[in-house]
Amino acid sequence: MFKPLSFALVAATVLVASINNPSATLARTCASKCGSHPIQFTPGQHIRVEVINSTPNIIKIQKPSGTDAMTLSPGQKLSLEQIEGTEPNTSLIFWSEKGLSLQAIVSKPNFGTLRLELRPTWRSPGDRSLYIMDDGRINVF
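Residues numbered from 1 in each chain as written. Predicted model: local features only at pLDDT ≥ 70, side-chain atom pairs only at ≥ 80, totals over all residues. Heavy atoms only, no water.

Student: Account for the pairing of strand S2 (residues 59-62), naming residues and giving values.
Tutor: Two strands pair when backbone bridges link them, and S2 and strand S3 (residues 70-72) are joined in this way by 3 bridges, in the antiparallel orientation. If you follow Ile59 over to S3, its bridge partner there is Leu72. Here S2 runs beside strand S5 (residues 90-96); their pairing, made up of 4 bridges, is antiparallel. Residue pairing across strands places Lys60 opposite Trp95, the latter belonging to S5. (Pairing = 2+ DSSP bridges. Helix = DSSP H or I, 4+ residues; strand = E, 2+ residues; numbered from the N terminus.)

Student: Please provide a residue-by-residue account of the side chain of Asn53, values included.
Tutor: Relative to the assigned elements, Asn53 resides in strand S1 (residues 46-53). Overall, the relative accessible area of 0% leaves Asn53 in the buried class. When sequence neighbours within four positions are dropped, the list of residues in contact with Asn53 reads Ile58, Ile59, Leu72, Ser73, Pro74, Gly75, Gln76 and Leu118. (Buried < 20%, exposed > 50% of the residue type's maximum accessible area, 1.4 Å probe, protein only. Contact = heavy atoms within 4.5 Å.)

Student: Describe the environment of Gln40, naming the residues involved and giving the relevant values.
Tutor: Within the element layout of this structure, Gln40 appears in the loop between helix H2 (22-25) and S1. Residues Gln40 and Ile138, 98 residues apart in the sequence, show an inter-C-alpha distance of 6.0 Å. In this structure, Gln40 is in contact with Lys108, Asp135, Gly136 and Arg137, ignoring residues within four places of it in sequence. Of the polar contacts made by the side chain of Gln40, one reaches the backbone oxygen of Asp135; its length is 3.2 Å. (Polar contact = N/O pair within 3.5 Å; in protein donor to acceptor, adjacent residues only side chain to side chain.)

Take a look at the structure:
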């Protein structure tokens, strides 16, 4: 008589606990809360980089291995066609001419385009470079 009563009591407790706190009893996969996948390109793929200045200030951008610094006015969009995924670890550096902090928002609007939107931020020191690794991964530092 005590076994069925004990079993019923334990079952009722588990049921009530799962109703009151469903997040503690339901296992979820990473896909349910992990966010979007990181941006990545196929190694060796030709990548067009679009840089958009969404700040009210002048921004400088430079590919350290080959170009002088280019100026982007507020609202200006710049396309860089010469970025090759076969280059070992290509990078772009950027900074505000006034020394203000920047936030880099990266997106992949289509198969061969990487969009880098630069916005003002209060975070210090802010983002300063885009790093395209030779395995196709994208990092912002």
